[in-house]
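Analysis of the macromolecular model
Residue strings, one per chain:
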Amino acid sequence: MLSNVTGLICRECGNTVDMIAQNQCDVCFGPMDVNYNYARIKKLVTKKRIRKGPANIWRYKEFLPAQTEKYVDLAPGFTPLQRAERLGEELGIKNLLIKNDTINPTFSCKDRMVCVAMTCAIEQNFEIVACASTGNLAQSLAAYAAKSGLKSYIFVPAGSNEIRLSSTNIYDPILLGVKGDPSQLNKLCSEIMLNSNWGFINVNLRPYYAEGAKTLAYEVAEQLDWKTPDHLVIPMGSGTTMTKIHKGFQEMVDAELLRHARVTFNGVQSTGCSPIVKAFNAKSELIQPEAPSTIAKSLAVGNPADGYYALKIIRGSDGLAVSVTDKDIRAGIKLLARLEGIFAEPAGGAVVAALGKMAALRHFKATDTVVAYITGAGLKTPDIIKDIVPKPRIIEPTVDSLDAAVAAINRAKHVPGAPDKE
Ligand SMILES: *Cc1c(COP(=O)(O)O)cnc(C)c1O
């Protein structure tokens, strides 16, 4: 198959290389991106052709770096874009839509990225893929490695929570607990990358991995019947997802799928790890790395690789970057579950809390369509909500006892979400 991909290109200096596993430019150390033949894409891609494609990320294959159609395919993506009337009413946002990425094969948006990177890793003849993660990335990598038959190595700090790791371990990767501090773990991974032919899914394979996040843009546009929304609210760790959603919208304009890409990009972090938001508030371009301390582990990236670019996109589109506390995040998780029936992990709680903050600042106009990205499912982190959910009322196995309980509940004028008062 003729490919739409021409190789890799440095985002800063434009230096190009072949389709190899390399995330940093040899010349200027800038980030490497996948380079496409856009003239060819424009000729190939049509709304009709997309509509006929599979109900997953590969319906946008023209925009993705796979060279063959031998996808490592657990069919991630094409998740619902749901109208959130009740949450919107609560927060004062008239046209609120939720991109529900809790519905993915391993229950987070990472599936989009890992699926693309794993497919490219196989095309580039990698036999071993790896990552350092205890969270969504590890789960996703382990699952796609299982599907493809590649060997996967997952590095975690020795002493990581075993219950949390079980949802990774179940896919049977090789799991290694590394003693020492996180910097030693990272150093070990760098040494392996230099000295052996391993594909680190979010490091040397990062250009391919990151491209998967563009599908979060294509899907929203298609699901809005090829209209551009007014606002996006995006959780940020490394800032890569934000950067690639932006790129996705630009590409759709270039390919004449969208008329314009005038969309405001708003970013969300946890106060316990908010280097991008701090730079935004300081009106600085400089991201100061920090040591994370937050329940939002999936956003806890102390030194965000794409922070600088995410910041530029937010500022360039008149967006906001806000941070929310762990308490706000828990409340956001509960609000989303209670009003929309969607159970999110902390990244989703952070987005909901941030929506409230932005609405209070009158950041959205009444006519604006606001799309909130809910990127991971709550069952991943049950420990986080155990203290904010009510315990069952204990009753006797009799109708009388039930009636008495119902009467007590009604007398207490049960406020949904509040703990019952006896
Ligand atoms: C990885 C991740 C994100 C976004 O992270 P970036 O590093 O900014 O791309 C958001 N939500 C969840 C649940 C994630 O796992």
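Residues numbered from 1 in each chain as written. Predicted model: local features only at pLDDT ≥ 70, side-chain atom pairs only at ≥ 80, totals over all residues. Heavy atoms only, no water.

Observations concerning the overall build of the chain
Threshold: Put simply, DSSP H or I for four residues or longer makes a helix, DSSP E for two residues or longer makes a strand, and each gets a number counted from the N terminus. The globule rule used here is 2.2 Å times the number of residues to the 0.38 power, and the radius of gyration it is set against is calculated over C-alpha atoms. For every residue, the accessible area obtained with a 1.4 Å probe (protein chains only) is divided by the maximum for its type, and the residue is called buried under 20%, exposed over 50%, and partly exposed between those limits. Throughout, a contact is declared for two residues whenever any of their heavy atoms are within 4.5 Å. Note on areas: these come from Shrake-Rupley sampling with a 1.4 Å probe, and a residue is covered only by the protein chains present in the view.
Helix and strand content of the chain: 16 helices and 13 strands. For the chain, whose C-alpha radius of gyration is 22 Å, the value lies close to the compact-globule estimate of 22 Å for 422 residues. Summarising its shape, the C-alpha atoms of the chain cover approximately 75 × 50 × 45 Å along the three principal directions. A burial count over the chain gives 52% of its 422 residues as buried. In the chain, the share of contacts with a sequence separation of at least 24, taken over all contacts with a separation of at least 6, comes to 69%. A total of about 19,700 Å² of accessible surface is found on the chain, and carbon and sulfur atoms cover 53% of it.

Describing the domain arrangement of the chain
Basically, it comes down to this: Those domain boundaries reflect an automatic or database domain assignment. Buried area: the accessible surface (1.4 Å probe) lost by two parts on joining, summed over both. A carboxyl oxygen of Asp or Glu within 4 Å of a side-chain nitrogen of Lys or Arg is what we treat as a salt bridge. By the criterion applied in these results, polar contacts are pairs of N or O atoms within 3.5 Å in which, for protein atoms, one can donate a hydrogen and the other can accept it, and in which residues neighboring in sequence qualify only through two side-chain atoms.
Domain assignment breaks the chain into domain 1 (56-107 + 211-383), domain 2 (127-204) and domain 3 (390-422). The distance between the C-alpha centroids of domain 1 and domain 2 comes to 25 Å. The largest contributions to the domain 1 side of the interface with domain 2 come from Val 72, Thr 106 and Lys 380, which together make up 49% of the buried area. Joining domain 1 to domain 2, the criterion identifies 1 salt bridge. Residues Asp 383 and Arg 164 are paired through a salt bridge, measuring 2.9 Å at the closest nitrogen-oxygen approach. At the junction of domain 1 and domain 2, the tally comes to 4 residue pairs in polar contact (both at pLDDT 80 or more).

Overview of the site of the ligand
Worth spelling out the cut-off: Here a residue is considered near a molecule or strand provided that any single heavy atom belonging to it is located within 4 Å of it.
Around the ligand, a shell composed of 16 residues is seen, among which Lys 110, Gly 237, Ser 238, Thr 241 and Thr 375 lie nearest. Gly 237 places a polar main-chain atom, nitrogen or oxygen, 2.8 Å from an oxygen atom of the ligand. Thr 241 places a polar side-chain atom, nitrogen or oxygen, 2.5 Å from an oxygen atom of the ligand. Starting from 380 Å² of accessible surface for the ligand in isolation, the protein chains cover 95%.

Points about the sheet that holds strand β6 (residues 128-132)
To keep things clear, this is the line we draw: Following DSSP output, two strands are said to pair if at least two bridges run between them. In this description, a line fitted to the C-alpha atoms serves as the axis of each element, helices being fitted only across the stretch in contact, and the angle between N-to-C directions of two axes falls anywhere from 0 to 180 degrees.
With parallel pairing, the 4 strands of this open sheet are ordered in space as β8-β7-β6-β9. If you trace the sheet from one side to the other, it starts and ends with β8 (174-178) and β9 (198-200), each paired once. With strand direction ignored, the average angle separating the axes of adjacent strands in the sheet is 25°. Inspection of the sheet shows strand β7 (residues 151-157) paired to β8 by 5 bridges, in the parallel sense. Looking across to β8, one finds that Phe 155 is bridged to Leu 176.

Thoughts on the pairing of strand β12 (residues 321-324)
Here β12 shows a buried face lined by Ala 321 and Ser 323 and a second buried face lined by Val 322 and Val 324. Two elements, strand β11 (residues 264-270) and β12, share 4 bridges in a ladder whose sense is parallel. The residue bridging Ser 270 from the neighbouring strand is Val 324, located in β12.

Points about the packing of helix α13 (residues 326-340) against helix α14 (residues 346-360)
For the record, the criterion: Note on angle classes: values under 35 degrees are labelled roughly parallel, values over 145 roughly antiparallel, values of 65 to 115 roughly perpendicular, and the remainder oblique. Basically, the charged four are Asp, Glu, Lys and Arg, the nonpolar ten are Ala, Val, Leu, Ile, Met, Phe, Trp, Tyr, Cys and Pro, and anything else, Gly included, counts as polar.
Where α13 contacts α14, the axes come no closer than 7 Å and their chain directions differ by 90°. Comparing the axis directions of α13 and α14 gives the class roughly perpendicular. Mapping the contact onto sequence places Asp 328, Ile 329, Gly 332, Ile 333, Leu 335 and Leu 336 in α13 and Pro 346, Gly 349, Ala 350, Val 352 and Ala 353 in α14. Here the contact of α13 with α14 is composed, by residue class, of 8 nonpolar, 2 polar and 1 charged.

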